[in-house]
Amino acid sequence: MSATATPSLARPARARWIAADAAFGFIAAALAIVLIAGFTFNAQRQRGDSSTRVLQSYQSLQLTDQLLALLQDAETGQRGYLLTHDPNYLTPYELAQVKLPAVLDQTGRTLAGEPEQLQRLRYLRLLASQKMGELAQTIAAERTGHHDAALEIGRASCRERV
């Protein structure tokens, strides 16, 4: 009987090992699933953050292009007025006066959280203000009949940039 008793005792031990192996495998698989889910979630979050930064960069580039176009249009209108004395040429200048502050503010909102870019925007805002001030001076001089003074303001500005 002892020969038959030994196999029956060994079977529960083997079953315990199998059960322990299965439990260990199940725990390892569950841990792997949790880790994979965590990595996936983190990757998705980073991808979302990257997408947001790309979108913000694209928007700030569009707004910067719009700022440049407004300043160029304002200067073109001023030049047309100085050449022809026709106030209709001032329309782009007048539109730029209205739109520039809004575009600069929108650019600032787009760049929120980017201190380096906001510093550059402050400098750009200063340059735009100086340019619009110069254009306003030349237009005011021309309106009051001081054509030579208006041209000299423009020339002085060109000499300062060079």
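To be clear, the structure that these remarks concern was listed above.
Residues numbered from 1 in each chain as written. Predicted model: local features only at pLDDT ≥ 70, side-chain atom pairs only at ≥ 80, totals over all residues. Heavy atoms only, no water.

**A closer look at helix H2 (residues 91-110)**
Given 3.6 residues per helical turn, the α-helix brings residues three or four places apart onto the same face. Formally: Secondary structure counts use DSSP, requiring at least four H or I residues in a row for a helix and at least two E residues in a row for a strand, with both numbered from the N terminus. A helix is expected to span 1.5 Å multiplied by its residue count minus one. Axes are fitted to the seven residues ending at a residue and to the seven starting at it; the angle between these axes is taken as the bend at that residue. Classification of residues uses two cut-offs on accessible area relative to the type maximum, computed with a 1.4 Å probe and protein chains only: under 20% is buried, over 50% is exposed, and between them is partly exposed.
In this model H2 runs 28 Å from its N-terminal to its C-terminal C-alpha over 20 residues, within 8% of the 28 Å that 1.5 Å per residue would give. Considering bend angle alone, the principal kink of H2 is centred on Lys-99 and spans about 35 degrees; proline Pro-101 follows within four residues of it. For H2, the complete set of buried residues consists of Tyr-93, Ala-96, Leu-100, Val-103, Leu-104, Thr-107, Gly-108 and Thr-110.

**Thoughts on the pattern of salt bridges**
Pairing is possible between side chains that carry opposite charge, provided their charged atoms lie close to one another. To be explicit about the condition: Basic side-chain nitrogens of Lys or Arg form a salt bridge, by our definition, when they fall within 4 Å of a carboxyl oxygen of Asp or Glu.
Using the criterion set out here, one finds seven salt bridges in the structure. As a salt-bridge pair, Arg-79 and Glu-75 come within 3.4 Å of each other at their nearest N and O atoms. Here Arg-79 pairs with Glu-75, and both are found in helix H1 (residues 2-84), just four residues apart, close to one helical turn. Since its relative accessible area comes to 49%, Arg-79 is described here as partly exposed. On the basis of relative accessible area, Glu-75 is assigned to the buried category, the value being 18%. Between Glu-75 and Lys-131 there is a salt bridge, with the nearest N and O atoms lying 2.9 Å from each other. A residue pair is termed long-range when its members are at least 10 positions apart, and Glu-75 in helix H1 and Lys-131 in helix H3 (residues 115-143) qualify at 56 residues. Taken together, the shared-partner salt bridges connect Glu-75, Arg-79, Lys-131 and Glu-134 into one network.

**Things to note about the packing of H2 against H3**
Definition in use: In this analysis, axes come from line fits to C-alpha atoms, helices being fitted only over the stretch in contact, and the angle between any two N-to-C directions falls in the range 0 to 180 degrees. Throughout, the term roughly parallel applies to angles under 35 degrees, roughly antiparallel to angles over 145, roughly perpendicular to angles from 65 to 115, and oblique to all others. Two residues qualify as a contact provided that any one of their heavy atoms is within 4.5 Å of a heavy atom in the partner residue. For this classification, Asp, Glu, Lys and Arg are treated as charged, while Ala, Val, Leu, Ile, Met, Phe, Trp, Tyr, Cys and Pro are nonpolar and the rest, including Gly, are polar.
Relative to each other, H2 and H3 sit at 170 degrees, their axes nearing to 11 Å. The angle between the axes of H2 and H3 places the two elements in the roughly antiparallel class. On the side of H2, the interface is formed by Tyr-93, Glu-94, Ala-96, Gln-97, Leu-100, Leu-104, Asp-105, Thr-107 and Gly-108, while H3 contributes Leu-118, Leu-121, Arg-125, Met-132, Leu-135, Ala-136, Ile-139 and Arg-143. Residues belonging to the contact of H2 with H3 are distributed by class as follows: ten nonpolar, three polar and four charged.

**A look at the environment of Asp-73**
Tracing the sequence through the fold places Asp-73 in helix H1. Classification of Asp-73 as partly exposed rests on a relative accessible area of 40%. Taking the C-alpha atoms as reference, Asp-73 lies 5.4 Å from Pro-92; in sequence the two are 19 residues apart. Setting aside residues up to four positions removed in sequence, Asp-73 forms contacts with Pro-92 and Tyr-93.

**A short note on the nonpolar core**
Using the following cut-off: Only buried residues count toward a nonpolar core, which is a set of Ala, Val, Leu, Ile, Met, Phe, Trp, Tyr and Cys residues joined through side-chain atoms within 4.5 Å.
Membership of the largest hydrophobic core comes to 18 residues, with the highest contact counts inside it found for Ala-74, Tyr-93, Ala-96, Leu-100 and Met-132. Counting residues per element, the ones that place at least two in this core are H1, H2 and H3. By residue number, the principal contributor to this core is H1, which donates six residues. Setting aside residues up to four positions removed in sequence, Ala-96 forms contacts with Leu-70, Ala-74, Pro-101 and Met-132.

**Quick word on unusual backbone geometry**
Phi angles above zero are rare outside glycine, and His-85 is one such case at about 65 degrees. Residue His-85 is classed as partly exposed on the basis of its relative accessible area, which comes to 45%.

**Observations regarding the side chain of Ser-60**
Within the secondary structure layout, Ser-60 lies in helix H1. Classification of Ser-60 by relative accessible area gives buried; the value is 13%. If sequence neighbours within four positions are ignored, Ser-60 has contacts with Thr-110 and Leu-111.

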